[in-house]
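# Fold and contact review
Here is what each chain is made of, one letter per residue.
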Amino acid sequence: VATHNNDGGAGRANSITGTSITYAAGGGAGPTAGNGADGTPGLGNGGGGGANPSGGDQPGGTGGGGIVVVAYKLSESAPSAKATGGNVSIYNNYAIHTFTHSGTFTNTSGGDITGVEYVVIGGGGAGGGGASVPNGQNAGGGGGGAGGYVTASGQTISNTPFPISIGAGSSR
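Residues numbered from 1 in each chain as written. Predicted model: local features only at pLDDT ≥ 70, side-chain atom pairs only at ≥ 80, totals over all residues. Heavy atoms only, no water.

### Quick word on the nonpolar core
Under the convention used in this document: The set of buried Ala, Val, Leu, Ile, Met, Phe, Trp, Tyr and Cys residues whose side-chain atoms join them within 4.5 Å is what this entry labels a nonpolar core. Partly exposed describes any residue whose relative accessible area lies between the buried limit of under 20% and the exposed limit of over 50%, with all areas from a 1.4 Å probe on protein chains only and scaled to the type maximum. Helix and strand labels come from DSSP, where a helix needs a run of H or I of at least four residues and a strand needs a run of E of at least two; each type is numbered from the N terminus. Any two residues whose heavy atoms approach within 4.5 Å at even a single point are treated as in contact.
Residues V68, V70, Y72, F99, F105, V116 and I164 are the most contacted members of the largest nonpolar core, which totals 13 residues. When contributions to this core are tallied by element, the ones reaching two or more residues are β3 (67–73), β6 (94–99) and β8 (113–121). The dominant element in this core, judged by the number of residues it contributes, is β3, at three residues. Sequence-distant contacts of V116, that is, excluding residues within four places in its chain, are made with V70, A71, Y72, A152, S153, G154, Q155 and I157. Membership of the second largest hydrophobic core comes to 11 residues, among which are Y23, I67, V119 and Y149.

### Considerations on the sheet that holds strand β9 (residues 149–157)
Test applied: Strands pair, by our definition, only if DSSP identifies at least two bridges between them. Only the stretch in contact is used when a helix axis is fitted, and all axes are lines through C-alpha atoms; the angle between N-to-C directions ranges over 0 to 180 degrees.
Strands sit in the order β5-β6-β3-β8-β9 across an open sheet of five strands; the sheet is antiparallel. Single-partner strands in this sheet number two, and they are β5 (87–91) and β9. Across the sheet, the mean angle separating the axes of adjacent strands is 20° when strand polarity is ignored. With six bridges connecting them, β3 and β6 associate as antiparallel partners. Bridge pairing links V70 to H97 in β6.

### As for unusual backbone geometry
Positioned with a positive phi, A24 is a non-glycine residue whose angle comes to about 55°. Mapped onto the fold, A24 is located in the loop between β2 (21–23) and β3. Overall, A24 belongs to the buried group, its relative accessible area being 11%.

### A look at the sheet that holds strand β7 (residues 103–107)
Read from one edge of the open sheet, three strands run β4-β7-β10, paired in antiparallel fashion. Strands at the two margins of the open sheet, each flanked by one partner only, are β4 (83–84) and β10 (162–164). Where β7 meets β10, three bridges bridge the pair, whose relative direction is antiparallel. Paired with F105 across the strands is F162, a residue of β10.

### Some remarks on the environment of S102
This is how it is decided: Polar contact is the term for a pair of N or O atoms within 3.5 Å; when the atoms are in protein, one must be able to donate a hydrogen and the other to accept it, and sequence-neighboring residues count only if both atoms are side-chain atoms.
As for its placement among the helices and strands, S102 is situated in the loop between β6 and β7. With a relative accessible area of 49%, S102 lands in the partly exposed category. Through-space distance from the C-alpha of S102 to that of G167 is 8.1 Å; in sequence the pair is 65 residues apart. Once residues lying within four places of it in the same chain are set aside, the contact partners of S102 are I164, S165 and I166. A polar contact of 3.0 Å, which involves the side chain of S102, links it to the backbone nitrogen of I166.

Below you can see the structure in the form of structure tokens.
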């Protein structure tokens, strides 16, 4: 297990799913030994940097894939989802559509869906590999960058299908 010398960026917490989740954290700098940690899939985290090796190069971790979450309030009289696409769950009278893979969000309500909020997280970058060099000045790899973070609330979604593209984190 790698122990990072320096943590990456903290990321941003969001509770759109009903639970506070931290998205888009940067990867940590190279550990004292071992490969860089991979970013968490579906959170857009950056991969950790590879170790400052005493013999042999240590690869950085891959970036975590992105995610899109769309949520809207349900009617008290008809508490069922007004759209299809993604993994659909109901929490606290909200429909929550979670996309961890590409797909299509389709409004099936027959009218506009109002009061929509969403979070879009891009895939994170891979961490750099640690390298050993002949002069003995070995270098640990830097952590990968976090995926982009975009959120909005109070949006309206029409009856048009919306393609959702989920980016994988970058590979090492």
